[in-house]
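Letter by letter, the chains look like this.
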Number of protein chains: 2
Amino acid sequence: MDGPGEDASSSVTKNKDACSPLTKGKKKEVKEEEESGLLGLSYKKDENFGEWYSEVVVNGEMIEYYDISGCYILQPWAMSIWEVMQTFFDAEIKKMKIKNCYFPLFESSSGVRQKAKDLNKFAPEEVAWVTKSGDSDLEMPIAIRPTSETVMYPYFSKWIRGHRDLPLRLNQWCNVVRWEFSNPTPFIRKGILPLQPSRRPIERRLYEEFLAVPVIKGEKSEHEKFAGGVYTTTVEAFVPNTGLGVMIMVHGDDKGLVMPPKVASVQVIVIPVPDKDANNQGIFDACAATVKSLEEAGIRAEADYRDNYSPEWKYSHWELKGVPLRIKIGPKDLANNQVRAVQRDNSAQIDDIPMADLTERVKEMLNNIQQNLFDVAKQKRDACIHVVHTWEEFVEALGQKKMILAPWCDEEEVEKDVKARTKGGDMGAAKSLCTPFEQPELPEGTKCFASGKPAKKWTYWGRSY
Amino acid sequence: MDGPGEDASSSVTKNKDACSPLTKGKKKEVKEEEESGLLGLSYKKDENFGEWYSEVVVNGEMIEYYDISGCYILQPWAMSIWEVMQTFFDAEIKKMKIKNCYFPLFESSSGVRQKAKDLNKFAPEEVAWVTKSGDSDLEMPIAIRPTSETVMYPYFSKWIRGHRDLPLRLNQWCNVVRWEFSNPTPFIRKGILPLQPSRRPIERRLYEEFLAVPVIKGEKSEHEKFAGGVYTTTVEAFVPNTGLGVMIMVHGDDKGLVMPPKVASVQVIVIPVPDKDANNQGIFDACAATVKSLEEAGIRAEADYRDNYSPEWKYSHWELKGVPLRIKIGPKDLANNQVRAVQRDNSAQIDDIPMADLTERVKEMLNNIQQNLFDVAKQKRDACIHVVHTWEEFVEALGQKKMILAPWCDEEEVEKDVKARTKGGDMGAAKSLCTPFEQPELPEGTKCFASGKPAKKWTYWGRSY
């Protein structure tokens, strides 16, 4: 059975930024022989976000849906981003003398049931149970870990026998499994385990420097904090916390994915634009020389020499896949010893880059793209923040799906009450997201938006996903 | 429930190389306050290989047994070796333009049952089945992948639509799960997926250059070749093919693990040897300076400053963990501005290394240790190879658990017949291991050891595990 992405692009719509007529909307339907077709998306980000997302991750070759509903294959295009991030994260934690370990995938039933209660991080019905090997029943069902902490904590207490064993600095890279009930499909999250607050600055850098996604640094409320922690700092991107997903959602557009250069496995795609009367071998050679120069300068570059696709098809293809910079070389460029470049993020075209300045200019453009993506995302994010002072303003902003900054009395009972009063309907109840470390001024006498008591801090609120 | 390692060291035996009396054999029983105890192994490698192995991996802090029988935790000491190897392997395959992907952990039931038949790589009863989420039965049971190929092949045929999509070069790092029946415990193998023969030279380098384990390059027989492959080249270490396990088995001794320097997360351990009348702060400072110099030279070094363990305890501890080189600094060394070093592999001690020559000398010693480990392992391996010409010689050598090199007619029926005739008893039937690329001379008229027909090649044979 196919996943949701399979139905996403059966109709054909016009890609407004393309310069030739569209024939097919879906990559897998493009025949090898077909030369003139471009690749468009059927859905627009602003009009149907969910379908747009499904389409862009499939057609951009990030994932392939799988014959078990809800499972998917991470294709090389997605894996390479994950690898860039993991390499950075892993090097940073090693600097901090944190060591990697690996705990089993399985957990005993008693452990899981107890921890589900204690941690409140997953529901018992989300846990997948192995009950058979072959045709034989197991003596006791065994759970597939729904989270990593439940497996680890008993061993930590075994390993920490005294103060000399502290600090225990461990990291684990792993998958966890949760059966999703609202949409009955298994969902595998490739996650980073929050073993200690010290990882937070690294995580912030991953979001801001690599994925170009602005985050707010702050502290979780008593009610929302990580079970077992004395305090929980947080890095909030205010979209579902999947790493890669947030990047797609924030930067992607109606032409497809938009990769921040720092994580793109191909930063520059070089496309030859041959012509029937031109020195096409010369053009191909110039493309190869361009790739070579860029690679030698540490830039991840590739050329697309395929002879069964037109240059226009290739533009759309690499736009869909989100490559930050596209370089074109045609007869005129060859004659002038220069290249043309187009930025993926804003479609800006630079027409006359001398080969002599190539690597300098490309580096500069990639840096600019990385920064622009962040700046634009930050502007959009800031425009979504609504400051409210009263319950009425709060409810209205919540209905508009805004992120809300409100003065709060910081009482757990009040947060529970806010949850209770906003429950029901399609959307989740409101909850506190975080109290930002950078606090706006809170004038004497400011009241809590929910309780009317004296406010102690500004806190962000939103819907639970 | 504890695993087999838990019972391995309840008795106390003497560590023949230690220089002080032994008190406890097991690390987890050593109290923090205890200062004089050393760490010995209860079992000897030559006398009880299985128990020795269990003890060495647990007491050497490679793994910790887990509350699900047969599952274990990979501790940082083991993970770091895995990471060194993975980093090398990953960089090498990237040079070959092989890209990483990630397929789901789950597989549909129809797929598994069919592939179990086709591939003949795992038995249906080894497959773990998820049948429930929470308390609800799944509509269809879902398998946890027992191997990766079964999941991948259908998608390969989907992605390869024509010759331009070839070669498809993919790699996947993943766990697979098999329920073990002979010893009813789940066994999780952290494996490298053999997607194409081109990875073989890298794998050989991993074994020989990193793990210092000699391998024989050759070709699998028709009967033993990888299902679906036209031919299967092989790299045989002639021990269970687990990567890390083979290294432990080949190099480990009665004092514990022996790490080849290239994969050791700590290559040099520096141990202060204070004395009550000495300038102990000076000794500690010299240790710190030694670590700093080594680290700056790219050597992975650490000092053990713990004040609740004696130097002798630390020697045993780091010997047990297999650190290739131990450096001691005492009052006399401090006075002479030198250090003493002891090699883990052969206990050779070098008493007067001037600080000025430190990094040069240490690099040289680490290189020698790496080479020595390989040479010694190769000698031992070669001594185990038995050349036979007749069925009687074959059966005798098999009974002695030798690795056998025999002239063979290269007929599949004959191999099946050899299997059938050697079945029964505790040990597995005999099977061909590989036909080495480097063939000894095969004189005209040499006959097959099994069929008496004219021999076509020399082939290695052994028991199946």
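Computed from a predicted structure; not experimentally measured.

1. Quick look at the overall build of chain A
Okay, step 1: Along chain A, the regular secondary structure elements total 12 helices and 20 strands.
Okay, step 2: Counting over 465 residues, chain A shows a buried share of 53%.
Okay, step 3: Of the contacts made within chain A by residues no fewer than 6 positions apart, 65% connect residues no fewer than 24 positions apart.
Okay, step 4: Looking at chain A as shown, the accessible area adds up to about 21,100 Å², and 51% of this sits on carbon and sulfur atoms.

2. Some points on the interface of chain B and chain A
Okay, step 1: Taken together, the 64 residues of chain B in the interface contact 65 residues of chain A.
Okay, step 2: Summing the contributions of chain B and of chain A, the shared interface buries around 5,500 Å²; its carbon and sulfur component is 56%.
Okay, step 3: Per-residue buried area on chain B facing chain A is highest for Y102, F106 and R164 of chain B; these three make up 12% of the total on that side.
Okay, step 4: Counting across the interface, chain B meets chain A through 6 salt bridges.
Okay, step 5: With its nearest N and O atoms 3.8 Å apart, the salt bridge here joins E302 of chain B to K99 of chain A.
Okay, step 6: Viewed at the interface, chain A and chain B are joined by 23 residue pairs in polar contact (both at pLDDT 80 or more).
Okay, step 7: By residue number, the principal contributor to the side of chain B that touches chain A is strand β5 (residues 128–133) of chain B, which donates 6 residues.
Okay, step 8: Considered class by class, the residues forming the side of chain B that touches chain A number 32 nonpolar, 10 polar and 22 charged.

3. Digging into the sheet that holds strand β14 (residues 325–329) of chain A
All names here are of chain A.
Okay, step 1: If you trace the 5 strands from one edge of the open sheet to the other, you get β13-β12-β14-β15-β16, paired in mixed fashion. With partners counted over all chains shown, the strands left at the sheet margins are β13 (301–303) and β16 (349–354), one partner each. Across the sheet, the mean angle from the axis of one strand to that of its neighbour is 25 degrees, orientation sign disregarded.
Okay, step 2: Where helix α7 (residues 280–296) meets the sheet, it contacts β12 (268–272), β13, β14 and β15 (338–343), and its direction lies at approximately 170 degrees from that of β12.
Okay, step 3: Across the face of the sheet, helix α8 (residues 311–320) comes into contact with β12 and β14 while running at roughly 170 degrees to β12.

4. Some points on helix α1 (residues 49–59) of chain B
Residue and element names in this part refer to chain B.
Okay, step 1: For α1, the complete set of buried residues consists of W52, S54, E55, V56, V57, V58 and N59.
Okay, step 2: On its buried side, α1 packs onto β1 (63–65), α6 (244–251) and α8 (311–320).
Okay, step 3: Directly after α1, the chain includes E61, whose backbone phi takes a positive value near 60 degrees.

5. Some points on the pairing of strand β10 (residues 216–219) of chain B
Residue and element names in this part refer to chain B.
Okay, step 1: Residues I216 and G218 line the buried face of β10, whereas the alternating positions K217 and E219 sit on a face that is not buried.
Okay, step 2: Pairing analysis gives 2 bridges linking β10 to strand β19 (residues 430–436), with the strands arranged antiparallel. Bridging from a neighbouring strand, E219 pairs with T435 of β19.

6. With respect to the relation of the copies chain B and chain A
Two chain copies, one operation linking them: a rotation about an axis together with a shift along it.
Okay, step 1: Taken as rigid bodies, chain B and chain A are interconverted by a rotation of 180 degrees and an axial shift of 0.0 Å, the fit giving an RMSD of 0.1 Å. Here the two chains are linked by the operation of a two-fold rotation axis. If distances are taken from each C-alpha of chain B to the rotation axis, the shortest is found for V130 of chain B, at 2.1 Å.
Okay, step 2: With an isologous cut-off of 70% or more, the 100% of interface residues of chain B that recur at the interface of chain A puts this contact in the isologous class.

7. Observations regarding the domain arrangement of chain A
Okay, step 1: Domain boundaries in chain A define domain 1 (100–168), domain 2 (268–371) and domain 3 (385–463).
Okay, step 2: For domain 1 of chain A versus domain 2 of chain A, the separation of C-alpha centres amounts to 51 Å.

8. With respect to helix α5 (residues 200–210) of chain B
Since the α-helix turns once every 3.6 residues, residues separated by three or four places project in the same direction.
Okay, step 1: Taken as a whole, α5 of chain B has its buried residues at R200, I202, E203, L206, Y207, E208 and F210 of chain B.
Okay, step 2: Just past α5 of chain B, the residue A212 of chain B takes up positive phi, approximately 55 degrees.

9. Remarks on the sheet that holds strand β13 (residues 301–303) of chain B
Residue and element names in this part refer to chain B.
Okay, step 1: In spatial order, the strands read β13-β12-β14-β15-β16; together these 5 strands make up an open sheet with mixed pairing. The open sheet has two edge strands, β13 and β16 (349–354), and neither has a second partner. With direction set aside, neighbouring strand axes in the sheet form an average angle of 25 degrees.
Okay, step 2: With 4 bridges joining them, strand β14 (residues 325–329) and strand β15 (residues 338–343) adopt antiparallel strand pairing. Counterpart to L325 in the pairing with β15 is Q343.
Okay, step 3: Here helix α7 (residues 280–296) sits on the sheet and contacts β12 (268–272), β13, β14 and β15; the angle it forms with β12, its principal contact strand, is near 170 degrees.
Okay, step 4: Against the sheet, α8 makes contact with β12 and β14, and its axis sits at roughly 170 degrees relative to β12, the strand it touches most.

10. Structural notes on the pairing of β19 of chain B
Residues and elements named next belong to chain B.
Okay, step 1: With respect to burial, β19 is a largely interior element, 6 of its 7 residues being buried.
Okay, step 2: Note that β19 and strand β20 (residues 457–463) share 4 bridges and pair antiparallel. Bridge pairing links C434 to Y460 in β20.

11. Remarks on the confidence of the model for chain A
All names here are of chain A.
Okay, step 1: Averaged over every residue, the pLDDT of chain A is 80; residues scoring 70 or more account for 79%.
Okay, step 2: In this model, residues 181–197 is a region of pLDDT below 50 whose contacts with residues beyond four sequence positions or in other chains number 57 contacts.
Okay, step 3: Here the complex is predicted with pTM 0.78, and the ipTM for its interfaces comes to 0.77.

12. Looking at the environment of K94 of chain A
Okay, step 1: Mapped onto the fold, K94 of chain A is located in helix α2 (residues 76–95).
Okay, step 2: Not counting chain neighbours up to four residues away, the residues in contact with K94 of chain A comprise N100 of chain A together with E83 of chain B.
Okay, step 3: Reaching out from K94 of chain A, the side chain makes a polar contact with the side chain of E83 of chain B at a distance of 2.5 Å.

13. Description of the packing of α1 of chain B against α6 of chain B
Residue and element names in this part refer to chain B.
Okay, step 1: It is at 11 Å that the axes of α1 and α6 come closest, and there the two elements cross at 115 degrees. Taken together, the axes of α1 and α6 are roughly perpendicular relative to one another. Considering the relative orientation of α1 and α6, their crossing is right-handed. When α1 is examined against α6, the residues F49, W52, Y53, V56 and V57 are found in contact with a partner set consisting of G245, I248 and M249.
Okay, step 2: Taken together, the residues of the contact of α1 with α6 sort by class into 7 nonpolar, 1 polar and no charged.

14. With respect to the pattern of salt bridges
Pairing is possible between side chains that carry opposite charge, provided their charged atoms lie close to one another.
Okay, step 1: Applying the stated criterion across every chain, the model contains 48 salt bridges over all chains.
Okay, step 2: Residue K94 of chain A is joined to E83 of chain B by a salt bridge in which the shortest nitrogen-to-oxygen separation is 2.5 Å. Remark: E83 of chain B occurs in helix α2 (residues 76–95) and K94 of chain A occurs in helix α2; the pair is interchain, linking two chains.
Okay, step 3: Residue classification places K94 of chain A among the partly exposed residues on the basis of a relative accessible area of 39%.
Okay, step 4: Of the residues examined, E83 of chain B reaches a relative accessible area of 15% and is grouped as buried.
Okay, step 5: Each of E92, K95, R205, E209 and K262 of chain A takes part in one network of salt bridges that share partners.

Reading the values: the criteria
Throughout, residues of each chain are indexed from 1 in the direction in which the sequence is written. Working convention: letters from A go to chains and numbers from 1 go to ligands, in the order in which they are written. Only residues with pLDDT of at least 70 get local features here, since the model is predicted, and only at 80 or more are side-chain atom pairs given and counted; chain-wide, interface and lining totals rely on the full set of residues. For side-chain calculations, the full set of non-hydrogen atoms in the structure is used, while hydrogens and water are omitted. A helix here means a DSSP run of H or I that spans at least four residues, while a strand means a run of E at least two residues long, and both kinds are numbered starting from the N terminus. Relative accessibility decides the category of a residue: with a 1.4 Å probe and only protein chains considered, values under 20% of the type maximum give buried, values over 50% give exposed, and everything between is partly exposed. Contacts are assigned to residue pairs with any non-hydrogen atoms lying within 4.5 Å of each other. Reported accessibility uses the Shrake-Rupley method at a 1.4 Å probe radius. Residues are deemed covered only where the shown protein chains occlude them. Using a 1.4 Å probe, buried area is obtained as the accessible area two parts lose upon being combined, added over both of them. The rule for a salt bridge is simple: a side-chain nitrogen of Lys or Arg has to be within 4 Å of a carboxyl oxygen of Asp or Glu. For this analysis, a polar contact is any N or O atom pair within 3.5 Å, provided that within protein one partner can donate a hydrogen and the other can accept it, and provided that sequence-adjacent residues contribute only side-chain to side-chain pairs. The nonpolar class holds Ala, Val, Leu, Ile, Met, Phe, Trp, Tyr, Cys and Pro. Asp, Glu, Lys and Arg form the charged class, and all remaining residues, Gly among them, are polar. In short, DSSP must find at least two bridges between two strands for them to pair. Helix axes are fitted only over the stretch in contact, all axes being lines through C-alpha atoms; the angle between N-to-C directions runs from 0 to 180 degrees. In superposing the copies, a least-squares fit is computed on C-alpha atoms, taking residues whose pLDDT is at least 70 in both. Start and end positions for the domains come from either an automated domain assignment or a database one. Each residue carries a pLDDT score, the predictor's own confidence in it, on a scale running from 0 to 100. Note on terminology: angles under 35 degrees are roughly parallel, angles over 145 are roughly antiparallel, angles of 65 to 115 are roughly perpendicular, and the others are oblique. What makes a crossing left-handed is the near helix being turned counterclockwise from the far one by less than a right angle; a clockwise turn instead makes it right-handed.

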